[in-house]
Amino acid sequence: MPATDRALELAKTAAIAADDKLATTVAGIDVSEQLALTDVFVIVSASTDRQVGAIVDAVEDSLREKGAKPIRREGERDGRWVLLDFGDIVVHVQHDEEREFYELERLWKDCPEIDLGVPKRRDA
């Protein structure tokens, strides 16, 4: 069963918020067929720790406006990889170096990508 309309709406909202804060990359993956816990991963990267924090704040604010509250927030202290779990979606905000090292998109390559309505990669 593909991601729900609600999950897709939240994922697009998160992507727009990240893009507004000049995220380096933004990608969406429909993991609903592989995971029972969530429907969509939104994977975002930024070039600095400070920018990671700004994106996290913007995503949370935007999703709260849609009535979604985070169930869990992990990794904030280091500012290199913050995971925001909203139930329907999980948002990974990573420093560019962590994104290159862990390659979450490669790990989930069997899952379909989602068009989130923002550029996948920002030209530097």
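Residues numbered from 1 in each chain as written. Predicted model: local features only at pLDDT ≥ 70, side-chain atom pairs only at ≥ 80, totals over all residues. Heavy atoms only, no water.

In the nomenclature of an unreviewed UniProt entry, the chain is known as Ribosomal silencing factor RsfS of Pedococcus aerophilus. Under the UniProt heading Sequence similarities (unreviewed entry), the entry covering the chain gives this text: "Belongs to the Iojap/RsfS family." Turning to the chain, the UniProt record has this under Function (unreviewed entry): "Functions as a ribosomal silencing factor. Interacts with ribosomal protein uL14 (rplN), blocking formation of intersubunit bridge B8. Prevents association of the 30S and 50S ribosomal subunits and the formation of functional ribosomes, thus repressing translation." (UniProt positions renumbered as here; feature names shortened; annotations may be inferred.)

*Asks:* Is there a simple way to explain the environment of V90 in this structure?
*Replies:* One can find V90 in strand β5 (residues 89-95). V90 sits in the buried class, given a relative accessible area of 7%. The spatial distance from the C-alpha of V90 to the C-alpha of R64 is 14 Å, given a sequence separation of 26 residues. Beyond its immediate chain neighbours, meaning those up to four positions away, V90 contacts T38, V40, F41, V42, L83, L84 and D85. (Helix = DSSP H or I, 4+ residues; strand = E, 2+ residues; numbered from the N terminus. Buried < 20%, exposed > 50% of the residue type's maximum accessible area, 1.4 Å probe, protein only. Contact = heavy atoms within 4.5 Å.)

*Asks:* Just checking my understanding: could you explain the pattern of salt bridges for this structure?
*Replies:* Side chains carrying opposite charge are able to pair once their charged atoms draw close together. What the rule picks out here adds up to 13 salt bridges. Here E60 makes a salt bridge to R73, at a shortest N to O gap of 2.7 Å. Separated by 13 residues along the polypeptide, E60 in helix α2 (residues 49-65) and R73 in strand β3 (residues 72-74) bring together distant segments of the chain. Assessed through its relative accessible area of 6%, E60 is described here as buried. Classification of R73 as partly exposed rests on a relative accessible area of 30%. As a salt-bridge pair, E103 and R106 come within 3.7 Å of each other at their nearest N and O atoms. On the basis of relative accessible area, E103 is assigned to the partly exposed category, the value being 37%. Look at R106 and you get partly exposed, because its relative accessible area is 46%. (Salt bridge = Lys/Arg side-chain N within 4 Å of Asp/Glu carboxyl O.)

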